[in-house]
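Structural features, examined
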Amino acid sequence: MRSKAARSKTAMTLQLVALGSLSLVFGCGGSGDASGQVWRIAIEEIEGSVQHAYATRFEALIEERTGGRVRVEVYPYGSLGTSAQLTEQVRSGALQLAFASPGHLGSVIPEAQIFSLHFLLSDDAVVNQRVLTRDGAFRGLLADAYREHGLELVAIVQEGWMVWSANKALRTPADFEGFKMRTMVSPLLVEAYAAYGADPTPMPYAEVYGALQLGMVDGQVNPVFAIEEMSFHEVQDHLTFARHAPFVSTLVTSPGFVTALAPADRAVFEGVIGELDGWIFETQRRFNSERLDRIVAEGGTQIVELDDDERDAFRELGLPVRETFVEMAGERGAAMLEALSLGVRRAEGSSEPGAGSSPEA
Ligand code: 6CS
C-alpha cells in the first residue's frame, strides 16, 4: 500500500481533475502572434501517463523541427474538463489537438465503439499494432466517420491490455453476476459487460477512484499503467488479465487544422505523427510492465491470468455484442468489422514476428 504522502497526492490530483473546469480562455484555432503559432494538445490522462508521454514527445519534436516557429502547449487531464468536453473543444477549434478515446466517443461516433468489442483483435499486441497503424481500408472508414462528426483522425494509439480490477478474481461469467463494473461512457461498453451478467456503471475517469472507495462500483477496467497512476490498486486487491481487448485511443485534430498548415509545417507534423506510432507502442509496453512490477512489489494485489478455456467462456458471451455494434454503427460499422477482422487474420498469418502474449505485452 502507498504512503500517506502518495495518497494525499492522489487525492489532490483527483480533486483537480474532478473540478475539471474550463478555466482557460483560448483564442482561435492554431493561434499565435508575430513570433509564431501555438498548437494546443489536450490529453485525457494525468502527467506521467502514456498520453502524456506522447504529448510531451510531440511537443519536443515539433518545436525542434520547426525551429521554434511552432510552440506546443500540453494540457493534462483536469485542466480543461472531461473527455467529452475535450472533444467538443477540438470540434469547435478552441483546441488544435486532443486525445479522444473511443470508449468515451460512442454516443457521438457510434463507429468508434468497434474498440469496445471484446476478443475482436489479436491476442498479439504487435499484430494489433500493425493493423491499427497500417490498415488503410479500416483506417479510412474510421476517419470518414470521425470527419462526419467534425474531427480529423490522425493517429490510433494502443495503451496496453485492459485489465479488470476488483476485490475478487473475475475468472468466470458467474463472477460478474450483479457485479457493478465501471465503464467509460460509450453505450456499447454497457452492452459488453451486461453480456457477462454484470451491472455496468458508466462514469468519467475522474470519478472512478472515489466510486471504488465508496463502494458505488465493485470494479473497473483499464490498462495497468493507468490503474497504478490513478491508485485504483489502493482500493482493489485483484487484477484479472483476460486479454479481451487493448485500450485504444485516438488522436484527433480540429477540422481543417492540417490542411491549413504551411507545407513545411505540415511535412513536420506528418513526419512526427508517423514516427510516434512506433515510439509510443514501445513506451506503453515499458510503462505497463514497470508499473505491474511496482504494484506487485507494493504487495496486497493478487494477479490473475485467465487460461484459454476461461477466456473462451467470455468470448462466446461477447459474440452477440458484435450484432449490437452493427445495429448502432450501421453499414459502415459492418464494413469496419469486416475490414478489421480481415486485417487481423492477414497480419496473424504474415511472417513478421509477434510480441507473444505475456500479461503486460
Ligand atoms: O477509463 C478512462 O476513462 C480512461 N482510461 C485511460 C487509460 N485513458 C483515458 C480514459 O478516459
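Everything numeric here is computed off the predicted structure, so don't read it as measured data. (Residues numbered from 1 in each chain as written. Predicted model: local features only at pLDDT ≥ 70, side-chain atom pairs only at ≥ 80, totals over all residues. Heavy atoms only, no water.)

Looking at the site of the ligand
With respect to spatial proximity, the complete set of residues near the ligand consists of Glu44, Glu45, Ser83, His104, Arg182, Met184, Tyr205, Asn222, Pro223, Ala226 and Phe247. For the ligand, an oxygen atom lies 2.7 Å from a polar atom in the side chain of Arg182. Interatomic distance of 2.9 Å between a side-chain N/O atom of Asn222 and a nitrogen atom of the ligand. Out of a free accessible area of 290 Å², the ligand has 100% covered by protein chains. A class-by-class count of the residues in the shell around the ligand yields 5 nonpolar, 3 polar and 3 charged. (Near = heavy atom within 4 Å. Polar contact = N/O pair within 3.5 Å; in protein donor to acceptor, adjacent residues only side chain to side chain. Areas by Shrake-Rupley, 256 points an atom, 1.4 Å probe, with all protein chains shown as cover. Nonpolar A, V, L, I, M, F, W, Y, C, P; charged D, E, K, R; others polar.)

Structural notes on the side chain of Gln89
Here Gln89 shows up in helix H3 (residues 83-91). A distance of 3.1 Å separates the side chain of Gln89 from the backbone oxygen of Leu80, its partner in a polar contact. (Helix = DSSP H or I, 4+ residues; strand = E, 2+ residues; numbered from the N terminus.)

Notes on the confidence of the model for the chain
Here the chain averages 90 in pLDDT, and 87% of its residues register 70 or above. Low pLDDT (under 50) marks residues 1-29, which in the prediction has 53 contacts with non-local residues, meaning those over four places away or in another chain. Here residues 355-359 scores under 50 on pLDDT; set against residues more than four positions off or in separate chains, the count is 14 contacts. (pLDDT = per-residue confidence, 0-100. Contact = heavy atoms within 4.5 Å.)

Some points on the packing of aromatic side chains
Scanning the model with the defined rule gives 18 aromatic pairs in all. A ring pair is formed by Tyr193 and Tyr196, whose centres lie 5.8 Å apart and whose planes are at 90°; its orientation type is edge-to-face. For the pair Tyr193 and Tyr196, a shared accessibility class is recorded, and that class is buried. Cluster of aromatic residues (ring-pair linked, three or more members): Trp164, Phe176, Phe179, Tyr193, Tyr196 and Phe314. (Phe/Tyr/Trp six-rings, centres within 6.5 Å; stacked < 30°, edge-to-face > 60°. Buried < 20%, exposed > 50% of the residue type's maximum accessible area, 1.4 Å probe, protein only.)

Considering the pattern of salt bridges
Inspection of every chain in the model, using the stated rule, returns 19 salt bridges. With a closest N to O distance of 2.5 Å, Arg69 and Asp265 form a salt bridge. Placement of Arg69 in the loop between helix H2 (50-65) and strand E3 (70-75) and of Asp265 in helix H10 (residues 263-298) is noted, with a sequence separation of 196 residues between them. Relative accessible area serves as the criterion here: at 40%, Arg69 is assigned to the partly exposed category. Looking at Asp265, the relative accessible area reads 3%, which means it is buried. The salt bridge partner of Arg311 is Asp123, with a shortest N-O separation of 2.9 Å. One end of the pair, Arg311, is in helix H11 (residues 308-349); the other, Asp123, is in the loop between helix H4 (102-105) and helix H5 (125-134), and 188 residues separate them in sequence. You can call Asp123 partly exposed: its relative accessible area is 29%. Three or more residues joined by partner-sharing salt bridges are found here, namely Asp123, Arg243, Asp308 and Arg311. (Salt bridge = Lys/Arg side-chain N within 4 Å of Asp/Glu carboxyl O.)

What to know about the nonpolar core
Counting residues in each nonpolar core, the largest one holds 51 residues, and the members touching the most others are Trp39, Tyr54, Phe58, Leu251 and Phe269. For this core, the leading source of residues is H10, giving 9 residues. When neighbours within four sequence positions are excluded, Leu251 is seen to be in contact with Ile41, Tyr54, Leu97, Ala98, Phe99, Glu152, Leu153, Val154, Ala155 and Ile273. Tyr75, Leu86, Ala329 and Met336 belong to the second largest nonpolar core, which has 39 residues in total. (Core = buried A, V, L, I, M, F, W, Y, C linked by side-chain atoms within 4.5 Å.)

Here we look at the side chain of Ser186
Mapping Ser186 onto the fold places it in the loop between strand E7 (180-183) and helix H7 (187-194). Using a relative accessible area of 0% as the deciding quantity, one classes Ser186 as buried. Setting aside residues up to four positions removed in sequence, Ser186 forms contacts with Pro102, Gly103, His104, Leu105, Gly106 and Gln113.

As for the sheet that holds strand E10 (residues 238-241)
Reading across from one edge, E8-E7-E9-E6-E10-E12 is the order of the 6 strands in this open sheet, with mixed pairing throughout. Two strands in the sheet have a free side with no partner beyond their single neighbour: strand E8 (199-202) and strand E12 (302-305). Taking each pair of neighbouring strands and ignoring which way they run, the sheet shows an average axis angle of 25°. As judged from the 3 bridges shared by strand E6 (residues 163-166) and E10, these two strands associate in the antiparallel manner. Residue pairing for E10: Ser165 is matched across the bridge by Leu239. (Pairing = 2+ DSSP bridges. Axes fitted to C-alpha atoms, helices over the stretch in contact; angles between N-to-C directions.)

Re the pairing of strand E4 (residues 97-100)
Within a regular strand, side chains alternate between the sheet's two faces. What you see with E4 is no split at all: Leu97 and Phe99 on one side and Ala98 and Ala100 on the other are buried throughout. Bridge analysis of E4 against strand E11 (residues 246-253) gives 4 bridges, and the strand direction is antiparallel. Bridged to Leu97 within E11 is Thr253.

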